[in-house]
Amino acid sequence: MATSSPSCGVCDLRHNTKPSIVWCTECDEGLCTECQEHHSLSKASRNHNVIPINEYQKLPIDVLKITQYCSIHDEKFQIYCQKHECPCCSKCVVESHKLCQDIVNLDDVIQNAKTSNALSEIEETLVEVTENLQKIRHHQQNNQSTLKEKRKEIEKEIKKTRMKINSHLDKLQDDLMKQLYGLEEKRKLENMSVIVIIR
């Protein structure tokens, strides 16, 4: 499995720690300046793809977890079983996929994946999904501000109505109090006239 260790894999085997400057995607390890030079000149590795170590470290974790070696046989994947949709090393083919008929070279599958229409369609779909998500987010933000404005309007209406009700109740109270005082005065006068008559 690929690691994000910045030290040179070859030097690590020699118990010597040196920082990597490139990552070989074929060997699945980092290389220092000296090892990279040897790596680019060696017949076995001169056609390997290497990327700067800082670009390698920027790759998503899911990409870094992709291994190029079989965890059972510790051999590099070279074949792809289309029936089981999995990469295989040469030993896997003999042991587990000998009855499978849809076996192809892994490099061909990778090349086809890079150039296929499906990849560009997926990219287009992702762009559309991103645009739609931005529209939805913008719409949601507009809805929130509209809701806030509506709430403020309703609050104002409630306060206005409350003030009208309070004003009306105050007027009713004043009217009732006037009537009450008027009745009280009338009764007092009636009581006074009865007292005068009795005397």
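On a predicted model such as this, the values are computed, not experimentally measured, just so you know.

Novice: Explain the sheet that holds strand S5 (residues 86-88) residue by residue, including any values.
Specialist: Spatial strand order, S5-S4-S6: 3 strands in an open sheet with antiparallel pairing. Every interior strand has two partners, whereas the edge strands, S5 and strand S6 (103-105), have only one. The sheet shows a mean angle of 35° between the axes of neighbouring strands, direction not considered. With 3 bridges joining them, strand S4 (residues 79-81) and S6 adopt antiparallel strand pairing. The residue of S6 that forms the bridge with tyrosine 80 is valine 104.

Novice: Explain the nonpolar core to me, using residue names and the numbers behind them.
Specialist: Counting 10 residues, the largest nonpolar core is built from Cys70, Phe77, Tyr80, Cys81, Cys88, Cys89, Cys92, Val93, Cys100 and Leu106. Elements represented by at least two residues in this core include exactly S4 and helix H5 (90-96). Sequence-distant contacts of phenylalanine 77, that is, excluding residues within four places in its chain, are made with Thr67, Gln68, Tyr69, Cys70, Pro87, Cys88, Cys89 and Leu106. Counting 7 residues, the second-largest nonpolar core is a separate cluster that includes Cys8, Cys11, Val22 and Cys32.

Novice: Explain the confidence of the model for the chain to me, and be specific about the residues and the numbers.
Specialist: Close inspection of predicted coordinates is inappropriate for parts of the model with low pLDDT. Of all residues in the chain, 92% have pLDDT values of 70 or greater, and the mean over the chain is 87. Confidence scores differ between elements of the chain, with helix H6 (residues 106-115) showing the lowest mean pLDDT of 72 and helix H2 (residues 33-41) the highest of 94.

Novice: Lay out the sheet that holds strand S2 (residues 29-31) in plain terms, naming residues and giving numbers.
Specialist: A sheet is described by the order of its strands in space; here 3 strands give the open sequence S2-S1-S3, paired in antiparallel fashion. Unpaired on one side and paired on the other, S2 and strand S3 (50-52) mark the two borders of the sheet. Across the sheet, the axes of successive neighbouring strands diverge by a mean angle of 35°, strand direction being ignored. Both strand S1 (residues 22-24) and S2 contribute to a ladder of 3 bridges, which runs antiparallel. Directly across from valine 22, in S2, lies its bridge partner leucine 31. Across the sheet, H2 touches S1, S2 and S3, and the angle it forms with S2 is around 105°.

Novice: Please give an account of the UniProt feature "domain: B box-type" (unreviewed entry) in the chain that cites residues and values.
Specialist: Under the present numbering, the feature "domain: B box-type" (unreviewed entry) in UniProt falls on residues 10-53. Helix makes up 32% of residues 10-53 and strand makes up 20%, while its end C-alpha atoms are separated by 15 Å.

The rules behind each value
- Residues numbered from 1 in each chain as written.
- Predicted model: local features only at pLDDT ≥ 70, side-chain atom pairs only at ≥ 80, totals over all residues.
- Heavy atoms only, no water.
- Pairing = 2+ DSSP bridges.
- Helix = DSSP H or I, 4+ residues; strand = E, 2+ residues; numbered from the N terminus.
- Axes fitted to C-alpha atoms, helices over the stretch in contact; angles between N-to-C directions.
- Core = buried A, V, L, I, M, F, W, Y, C linked by side-chain atoms within 4.5 Å.
- Buried < 20%, exposed > 50% of the residue type's maximum accessible area, 1.4 Å probe, protein only.
- Contact = heavy atoms within 4.5 Å.
- pLDDT = per-residue confidence, 0-100.
- UniProt positions renumbered as here; feature names shortened; annotations may be inferred.

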